[in-house]
4 protein chains.
Amino acid sequence: MRILKRKIIENKEIKEANLLDSAFTLFTEKGVKETSVQDIVNKAGVAKGTFYLYFKDKYEIQDYLIIKKSKQLFEKAITSLKEKNIQDYRERVIFIIDNIIDEFAKNKLLLKFISKNLSWAIYSDKISNIIDDSSIGLVDLFLEDIKNINIKIDNPEVKLFMIIEMTSSTVYTSITSNKPLPIEKYKPILYEEIKKILS
Amino acid sequence: MRILKRKIIENKEIKEANLLDSAFTLFTEKGVKETSVQDIVNKAGVAKGTFYLYFKDKYEIQDYLIIKKSKQLFEKAITSLKEKNIQDYRERVIFIIDNIIDEFAKNKLLLKFISKNLSWAIYSDKISNIIDDSSIGLVDLFLEDIKNINIKIDNPEVKLFMIIEMTSSTVYTSITSNKPLPIEKYKPILYEEIKKILS
Amino acid sequence: MRILKRKIIENKEIKEANLLDSAFTLFTEKGVKETSVQDIVNKAGVAKGTFYLYFKDKYEIQDYLIIKKSKQLFEKAITSLKEKNIQDYRERVIFIIDNIIDEFAKNKLLLKFISKNLSWAIYSDKISNIIDDSSIGLVDLFLEDIKNINIKIDNPEVKLFMIIEMTSSTVYTSITSNKPLPIEKYKPILYEEIKKILS
Amino acid sequence: MRILKRKIIENKEIKEANLLDSAFTLFTEKGVKETSVQDIVNKAGVAKGTFYLYFKDKYEIQDYLIIKKSKQLFEKAITSLKEKNIQDYRERVIFIIDNIIDEFAKNKLLLKFISKNLSWAIYSDKISNIIDDSSIGLVDLFLEDIKNINIKIDNPEVKLFMIIEMTSSTVYTSITSNKPLPIEKYKPILYEEIKKILS
DNA sequence: TATGAATGAGGGTTCATTCAT
DNA sequence: GATGAATGAACCCTCATTCAT
């Protein structure tokens with residue numbers, strides 16, 4: 001009996017994951033507005049009504065996905081960071097940002113889907129509700145770094161927020177339209193300014 | 001005859017202005033997506049078909065409005081600047097930004113409508129097509145300022161772009177949700193960083 | 001469960017028949033062009049969107065109806081033919097035509113709706129797709145008749161086509177405007193010519 | 001003064017001819033339904049309102065054109081006939097029909113525009129109202145031929161009507177879709193039947 | 001749970017026609 | 001006569017959401 005229930009629960013999770021995957025593929029391929037609920041359920045192989053058993057509407061699934069994908073990006077970057085042995089806290093921040101920019105440069109569809117909402121994803125209150133989360137994010141990592149050094153930085157959280165906003169909006173334009181500079185030329189300028197902010 | 005024609009042309013301009021005003025009011029009150037062409041023409045007191053004599057679709061009127069309103073903001077700020085006698089080029093940039101932020105703080109609906117598209121409005125190629133423009137913008141003003149001083153700045157255009165992006169995205173969050181700080185507390189920190197970038 | 005499903009399917013068929021009936025009534029009463037999809041769904045008592053679950057557009061329902069009604073006409077005539085004992089293949093063709101002409105004379109709205117498309121309905125490739133059909137049509141009946149007699153006719157199919165076209169276009173004018181003669185006076189002349197063609 | 005008035009009248013005629021030419025070109029290029037009044041006036045280089053000074057609506061101009069073009073076809077064929085010296089009245093009818101079929105085969109757009117309305121154009125009461133006409137048509141020519149020979153034909157007008165209807169509907173299908181036979185193979189069969197009808 | 005038929009408001013757009021100029 | 005801006009009904013169609021099964 002308990003096994004049957006577990007199966008049902010697993011089945012539910014599979015269906016939900018299925019819907020999320022389908023939605024993500026379609027959102028990045030054709031855009032959120034251009035993707036209908038019908039498209040999503042077709043791809044997922046479930047009935048239209050089923051969608052509404054799992055999500056309130058199309059935008060709930062979008063929010064969920066933005067947060068999930070953003071988190072994955074940071075997690076991957078932080079994992080890479082731990083393999084290196086970078087001491088300087090500024091270099092550590094830049095390493096993570098560089099890592100994520102490279103990911104975006106490789107996957108422009110992901111960039112288009114997330115970028116404009118990156119900081120929202122990081123700071124959203126929804127994050128805890130939606131995703132069962134135990135991993136450390138960029139913000140916590142940075143604040144801990146700051147605590148561990150002697151240099152005093154005013155308003156470290158605000159500074160980090162500024163860095164994230166500036167980075168995500170300018171990098172978006174740089175990657176998608178090479179303006180004001182192509183990403184590889186823009187990077188050194190960006191990192192220079194980040195260092196200034198963190199000094 | 002010529003007078004009659006003039007009347008017709010004036011009439012057309014009045015109607016166009018009417019549609020733009022109505023659209024702007026509705027866009028800021030309920031959002032672009034939630035506003036239908038029907039809503040706009042109802043408010044403007046014209047027939048639905050008339051809308052399509054002036055604009056291709058809802059999004060053309062949106063673009064037009066974003067650019068127009070952005071331009072007005074900068075013009076007002078630049079006019080104010082000219083009344084003061086600020087010499088330092090960094091202070092001049094900050095004066096303009098401060099001016100615009102205050103405007104946004106007073107008019108949050110305008111902020112919501114424009115902010116996310118501010119840099120697009122500034123750099124859009126559409127600007128010249130849509131709006132008959134003879135006035136100077138922030139970019140030109142800044143570049144001229146730079147030319148007139150001896151200090152050499154690397155990539156001034158890129159720096160300005162970074163400032164605009166960082167400002168508009170962080171200020172948006174600050175004004176609409178007081179995060180990471182309320183706008184009055186955030187301002188000095190922001191201006192400090194802008195000065196660093198311009199040094 | 002199976003019974004429930006059957007109910008749904010029956011329900012669907014009722015709704016489709018409902019839409020077809022409503023469309024047919026409106027098409028014959030006011031004409032196809034003057035009938036809107038809105039009119040059809042109003043009469044059928046379903047929502048607009050429902051229409052598009054069953055038909056691609058107004059013209060698909062029109063095609064469907066023309067073929068369906070034409071087929072019914074021929075079927076009825078052929079059924080009558082079988083009750084008689086007419087041996088001569090020419091008389092058999094004329095019997096069917098006469099039968100259909102009488103039907104048209106009684107129902108001028110049907111005539112207006114179908115007549116101009118009668119041969120299209122007979123020869124259309126769509127016939128097999130749209131209507132699940134096992135009954136024999138005029139063409140097959142005639143060709144079989146021809147096979148069963150010794151007299152050799154050149155190009156029997158072409159001759160039949162000529163008869164159908166000549167009949168439907170002249171009968172249309174005769175019934176709707178009594179030109180060049182009222183239908184009862186025209187019939188003998190027409191049948192005389194048909195016999196000549198078939199000899 | 002009188003000269004000025006004539007100029008105005010000529011101007012009107014030029015404008016009307018202009019509208020007719022434009023409409024005919026568009027009707028045959030894209031079809032009547034697909035041609036808007038706007039299209040016609042654009043091509044004619046006049047204002048939309050001007051159209052309604054000359055024609056009640058799009059369908060009046062269509063009727064006018066069908067009749068005009070049909071008349072031209074018959075006139076041309078009859079002129080050709082007069083250059084030959086064909087004595088047999090049946091051959092004379094067939095000569096004219098052959099002439100017109102060839103014209104249609106060369107100009108399929110014209111065929112599509114006229115064919116379905118050929119007999120309407122011949123017998124329409126509108127003909128005298130719309131077109132100032134002094135020339136002889138097929139009907140009159142044929143009836144005169146009949147009078148001049150000794151052989152008695154029953155209902156000659158009816159027979160001619162049948163020939164025209166049968167010809168125009170079958171030829172249309174033959175030329176546009178090679179069914180039931182390509183036009184060159186179909187012609188001899190058709191002419192054989194016409195001869196039978198006229199005997 | 002899961003289904004998918006049904007809904008119906010709303011989308012953008014076209015266009016014949018009118019009428020003030 | 002000539003204009004063309006304005007009208008607004010009608011067009012077809014989409015789609016998020018509901019609900020009986």
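Predicted model only: the values in this text are computed from it and were never measured.

1. Here we look at helix α11 (residues 183–198) of chain A
The end-to-end C-alpha separation of α11(A) is 22 Å, in line with the 22 Å expected for 16 residues at 1.5 Å each. Those residues of α11(A) that are buried lie in contact with α5 (89–106), α9 (138–148) and α10 (156–177) of chain A together with α10 (156–177) and α11 (183–198) of chain B.

2. Topic: the protein's contact with DNA strand E
Near DNA strand E there are 32 residues, and of these A:T50, B:S36, C:T50, C:Y54 and D:Y52 occur at the shortest range. Interatomic distance of 3.2 Å between a side-chain N/O atom of D:K48 and a base oxygen of DNA strand E. Only α1 (2–30) and α3 (48–54) of chain A, α3 (48–54) of chain B, α3 (48–54) of chain C together with α3 (48–54) of chain D provide two or more residues apiece to the surface near DNA strand E. The residue inventory of the surface near DNA strand E, partitioned by class, reads 13 nonpolar, 7 polar and 12 charged.

3. Topic: the relation of the copies chain B and chain A
Mapping between the two copies of the chain is achieved by a rotation about an axis and a shift along the axis. Rotating chain B by 178° and moving it 0.1 Å along the rotation axis overlays it on chain A with an RMSD of 0.3 Å. The two molecules are tied by a two-fold rotation axis, judged by turn and shift. For chain B, the minimum C-alpha distance to the rotation axis belongs to B:M166 and amounts to 2.1 Å. An overlap of 100% is found between the interface residues of chain B and their copies at the interface of chain A, pointing to a shared contact surface.

4. Quick word on the packing of aromatic side chains
All names here are of chain B. Under the defined criterion, the tally for this structure stands at 22 aromatic pairs over all chains. Both rings, one in F51 and one in F55, keep their centres 5.7 Å apart while their planes meet at 45°; by these two values the pair is tilted. For the residue pair F51 and F55, the accessibility class agrees, reading buried in each case. Chaining the aromatic ring pairs together yields one cluster made of F51, Y52, F55 and Y64.

5. As for the protein's contact with DNA strand F
Taken together, 31 residues surround DNA strand F, and among them B:T50, B:Y54, C:S36, D:K12 and D:T50 come closest. Within 4 Å of the protein, the contacting atoms of DNA strand F are drawn from sugar and phosphate to the extent of 61%. One of the side-chain nitrogen or oxygen atoms of B:T50 is found 2.4 Å away from a phosphate oxygen of DNA strand F. In this structure, a phosphate oxygen belonging to DNA strand F sits 2.5 Å away from a side-chain N or O atom of B:Y54. Breaking the surface near DNA strand F down by element, the ones donating at least two residues are α3 of chain A, α3 of chain B, α3 of chain C together with α1 (2–30) and α3 of chain D.

Thresholds applied
All chains use their own residue numbering, which begins from 1 and follows the written sequence. Following the order in which they are written, the chains are lettered starting with A and the ligands numbered starting with 1. Side-chain atom pairs in this predicted model are given and counted only at pLDDT of 80 or more, local residue features only at pLDDT of at least 70, and totals for whole chains, interfaces and linings cover all residues. Side-chain calculation: all heavy atoms of the structure are included, whereas hydrogens and water are not. Helix numbers and strand numbers start at the N terminus; a helix is a DSSP run of H or I with at least 4 residues, a strand a run of E with at least 2. Take the number of residues in a helix, subtract one, and multiply by 1.5 Å to get its expected span. Contacts are residue-level and defined by heavy atoms, with any inter-residue pair within 4.5 Å sufficient. Proximity is defined per residue: any heavy atom of the residue falling within 4 Å of a molecule or strand makes that residue near it. Any pair of nitrogen or oxygen atoms within 3.5 Å is treated as a polar contact; in protein, a donor-acceptor pairing is required on top of that, and neighbouring residues in sequence qualify only through side-chain atoms on both sides. Each residue is assigned to one class: nonpolar for Ala, Val, Leu, Ile, Met, Phe, Trp, Tyr, Cys and Pro, charged for Asp, Glu, Lys and Arg, and polar for all the others, Gly among them. We superpose the copies by least squares over the C-alpha atoms of residues that have a pLDDT of at least 70 in both of them. Two rings from Phe, Tyr or Trp (for Trp, the six-membered ring) form a pair when their centres are within 6.5 Å of each other. A pair whose planes differ by under 30 degrees is stacked, one over 60 is edge-to-face, and the rest are tilted. For the exposure calls, accessible area comes from a 1.4 Å probe over protein chains only, and a residue counts as buried if that area is under 20% of its type's maximum, exposed if over 50%, partly exposed in between.

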